[in-house]
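Architecture at a glance
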Amino acid sequence: MSWWETVRTAYDAIRTRRMRSALTVLGILIGIAAVMLTVGLGQGAQQQVASQIDKLGSNLLVVTPGSTTSFAGLRGGRGSATTLTTGDAAMLADPAIAPDIAAVAPASTSQQSLVANGTNWTTSVVGTTPAWVSVRARSIDQGRFFTATEVTNASPVAVIGATTASQLFGSRSPVGSTVGVGGVQFTIIGLLNTEGSTIGGDQDDQLVIPSTTFANDFGNGSGASVSTIYVEGKSADTLSAAYQETSNALLSTHGVSANSADFTVSSQASLVQTATSTAHILTVLLGGIAAISLLVGGIGVMNIMLVSVTERIREIGLRKALGATPSVILRQFLVEASMLGLVGGVLGLALGFVGALTLPSILGQPVSMSMLAAGLALVVSLVIGVVAGVYPASRAARLAPIDALRSE
Amino acid sequence: MTNGPHGIPPAWVSADEAGPHTPTDTTTDDSAGADDTAILDLVDVGKTYRSGSLEVEALRGVTLRVERGDYLAVMGPSGSGKSTLMHILGCLDVPTTGTYRLAGHDVGAMDEARLAHVRNKEIGFVFQQFNLLPTLSAWRNVELPLVYAGVPAPERKARALEALGRVGLADRVEHRPNELSGGQQQRVSVARALVTAPSLILADEPTGNLDSTSTADVLALLRELHDQGRTIVLITHEHDVAEQAARVARIFDGQLTEGDHEPTLASPGVGSR
Ligand SMILES: Nc1ncnc2c1ncn2[C@@H]1O[C@H](COP(=O)(O)OP(=O)(O)O)[C@@H](O)[C@H]1O
Ligand SMILES: [Mg+2]
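Just so it is clear, the structure is predicted and the values come from calculations on it, not from any experiment. One numbering rule holds for all chains: residues counted from 1, following each sequence as written. Here the convention is simple: chains get letters from A, ligands get numbers from 1, in the order in which they are written. pLDDT decides what is reported in this predicted model: residues at 70 or higher carry local features, side-chain atom pairs at 80 or more are listed and counted, and totals for whole chains, interfaces and linings draw on all residues regardless. Water and hydrogen atoms were dropped before computing side-chain values, which therefore reflect all heavy atoms in the structure.

1. What to know about the confidence of the model for chain B
Residues and elements named next belong to chain B. For every residue, the predictor states its confidence as a pLDDT score lying anywhere from 0 to 100. Taken as a whole, chain B shows an average pLDDT of 83; of its residues, 81% reach a score of 70 or greater. Below a pLDDT of 50 lies the segment residues 1–35, which in the model reaches 56 contacts outside its immediate sequence neighbourhood of four places, other chains included. This model gives residues 259–273 a pLDDT under 50, and the stretch forms 31 contacts once residues within four places in sequence are excluded. If you check the scores for this complex, the pTM reads 0.70 and the ipTM reads 0.82. Whether two residues touch is decided by their heavy atoms; if any such pair falls within 4.5 Å, the residues are in contact.

2. Overview of a nonpolar patch on the surface
Residue and element names in this part refer to chain A. A cluster of nonpolar side chains, namely Leu342, Val346, Leu382, Val386 and Val390, defines an oily patch on the protein surface of about 340 Å² accessible area. Helix and strand assignments follow DSSP, with helices taken as H or I runs no shorter than four residues and strands as E runs no shorter than two, numbered in order from the N terminus. Sorting the residues of the nonpolar patch by element identifies α12 (326–363) and α13 (371–398) as the ones contributing at least two each. Element by element, the count of residues in the nonpolar patch is highest for α13, at three residues. Put simply, a patch holds well-exposed residues, over 30% relative accessible area, that have no salt bridge, with like charges counted together within 9 Å and Val, Leu, Ile, Met, Phe, Trp or Tyr side chains within 5 Å. Note on areas: Shrake-Rupley, 1.4 Å probe, and residue coverage restricted to the protein chains presented here. In what follows, salt bridge is the name for a side-chain nitrogen of Lys or Arg lying within 4 Å of a carboxyl oxygen of Asp or Glu.

3. With respect to the packing of aromatic side chains
Residue and element names in this part refer to chain A. Aromatic pairing here means that ring centres of Phe, Tyr or Trp (its six-membered ring) are within 6.5 Å. Orientation follows from the plane angle: under 30 degrees is stacked, over 60 is edge-to-face, and everything else is tilted. Scanning the model with the defined rule gives five aromatic pairs over all chains in all. Judged by centre distance (5.7 Å) and plane angle (65°), the ring pair of phenylalanine 214 and phenylalanine 218 falls under edge-to-face. Placement of the pair is phenylalanine 214 and phenylalanine 218 together in helix α8 (residues 211–218), with a separation of four residues, close to one helical turn. Accessible area is worked out with a 1.4 Å probe on protein chains only. A residue is then buried under 20% of its type maximum, exposed over 50%, and partly exposed in between. Taking relative accessible area as the criterion, phenylalanine 218 reaches 14% and is therefore assigned buried. Pairwise contacts between aromatic rings join Trp132, Phe145 and Phe146 into one cluster.

4. Quick notes on the site of ligand 1
Proximity is defined per residue: any heavy atom of the residue falling within 4 Å of a molecule or strand makes that residue near it. Taken together, Arg406(A), Tyr49(B), Val56(B), Ala58(B), Pro77(B), Ser78(B), Gly79(B), Ser80(B), Gly81(B), Lys82(B), Ser83(B) and Thr84(B) make up the full set of residues adjacent to ligand 1. Any pair of nitrogen or oxygen atoms within 3.5 Å is treated as a polar contact; in protein, a donor-acceptor pairing is required on top of that, and neighbouring residues in sequence qualify only through side-chain atoms on both sides. With respect to ligand 1, the backbone of Lys82(B) contributes an N or O atom lying 2.9 Å from an oxygen atom. Measuring from an oxygen atom of ligand 1, one finds a side-chain N or O atom of Ser83(B) at 2.7 Å. Contact with the protein chains covers 69% of the free accessible surface of ligand 1, which is 560 Å². When contributions to the shell around ligand 1 are tallied by element, the ones reaching two or more residues are β2 (54–67) and α3 (82–89) of chain B. Per-element accounting of the shell around ligand 1 gives the leading share, three residues, to α3(B). In this classification, the charged set is Asp, Glu, Lys and Arg, the nonpolar set is Ala, Val, Leu, Ile, Met, Phe, Trp, Tyr, Cys and Pro, and all remaining amino acids, among them Gly, are polar. A per-class count over the shell around ligand 1 returns four nonpolar, six polar and two charged.

5. Side note on the packing of helix α6 (residues 153–166) of chain B against helix α7 (residues 182–194) of chain B
In a pair of packed helices, the angle between the axes and the distance between the axes together describe the arrangement. Residues and elements named next belong to chain B. Contact geometry for α6 and α7: axes closest at 9 Å, N-to-C directions at 130°. Considering their axes alone, α6 and α7 lie oblique with respect to each other. The crossing of α6 and α7 is right-handed. Residue-level inspection shows Ala163, Leu164 and Arg166 of α6 in contact with α7, the latter providing Val188, Ala191 and Leu194. Axis definition: a line fitted to C-alpha atoms, over the contacting stretch in the case of helices. Angles run 0 to 180 degrees between N-to-C directions. Angular relationships are summarised with four words: roughly parallel below 35 degrees, roughly antiparallel beyond 145, roughly perpendicular across 65 to 115, and oblique for the angles in between. Crossing handedness is read from the near helix: turned anticlockwise from the far helix by less than a right angle, it gives a left-handed crossing, and turned clockwise, a right-handed one.

In structure tokens:
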């Protein structure tokens, strides 16, 4: 019996039991679509996080107060300890101490209420130095960034993010206007380019002012302390050298050993890793639950094939009497089971793609679909069909023709 | 079987036996009967069914020879072992004891695949319950043995249609079994039995579910097949059906009491009761 013949016979058998076959296929369909969508959502989230971190700049090191190296510890330490100072930043900027570092920008952040034009807007005020622009890979759309002299003089000047500007000034150009922050009037001298969100929040909603001015007006008393030091390495290749230099220099100035370090140095890569590993765990969990539904679908196929074998015991007996060998019967039921699986897989794939197109606009989350995942879904559904078919098919193949014919 | 149209004998039937001949020919011709010419040769065959502690001896000590071209009727009451005997003859089941040689080959030594092959090539079955597949049309049912023989599709269809023509159902080829009368269904299954041009046709109470007209049709078909040289074993419990055969063997309580290994039964032993 040729393969084509086997497929046609299996197709006839499936078509004859339309309702039952459709329900069986539905189990696989839902399983495949669920796995594809949950994994697609998880991967979409991972890619989103990774691309947000990418925007930080690839040569960037971030030094934060706090002693743990874990991502959670890093966040907990941010702003809560005050172990980093502007002195640390100045030391790291010295090429004699850290030759692989291109630029250093200390930064402190404070949530403040901004008043301009009779409008209020609460946002984060960042105190930093001119190096911030290059270190954070930003550019200026209008006006200019503040200068080192303005830092030295603690001038009341500010550079504004696009979102903040539109909240306070609408579509009008903010450059040249003044903005009141905690009773101090700042002159807006520049407008930052739009950047979008990164892991650190909306990069377009902030007000950037000289670090000295920040320390005077919003500092917590210890004027030299900063919440973050951004370090830009000279190149991606020498980033690990820059990492070592940063770490060693801070350890020796703070007079602590590596085991009791009071700061954490993170690279973009390590941030990506910790952030995506969280998303990855989520993906695996959700995907696992979806996989269980796929497994249930597979059990459904096995169940229906067992019922089918019992029901068609006379047919099997007759086919054997007419010359079907055990292997031909085995093949027929295996092909039938794998056809159920494959049809479920193809339909599940279609549903998955429809979901991938519609879900992002509903959930606001990207769903990643790849040809690899699609191909894998088809292979998996086929394998499920075959595996679910093995036991029922071998039962059918082993039936003695006479027992099968006699049953009434 | 690669024979083309019906009536061409299978390779193992020698030319002089293949032509149309009467039952009398058969019973007188081969009294010399060398062992290897017998198509069916059972020696002391027993079959015991075991279900739990219960044992049923369905056949005991059955010795039977059937020569090629013979037409044998096996008569016996219900439960006497007729179907069991036919299942063994048809390689659907194997004896518990004794030996069964089909065309000289020991069936006991064959594996499942080999038995399936033998059933496909050499035997055509006609069952009391017809055993047609309800989802297939008449010609699809008839072509089934050819599917398992690996015959290409166009040739299968041609041969199936021709076989249906021979049983007088040329105008019913696309009908499903439930669209056919009992007699027509049985004629479809006769067509299915003859489509591979087997040398042996086994019919287990083929007229058991039919009215008298249909019974006559089916018996006429079997006689025609016999006239073309096929060996036929017909199982029945009806005298007038058994009368069709060249000779009659009786089975009672698993024992074959007439039609012993004497290949030449002097007269067609019909109506002896
Ligand atoms: N599979 C089986 N298991 C147990 N006993 C069986 C089985 N098949 C047949 N028998 C018994 O064997 C005997 C002969 O059965 P069978 O050959 O079908 O008789 P017949 O066809 O002459 O009516 C009966 O007593 C029947 O009950
Ligand atoms: Mg019977």
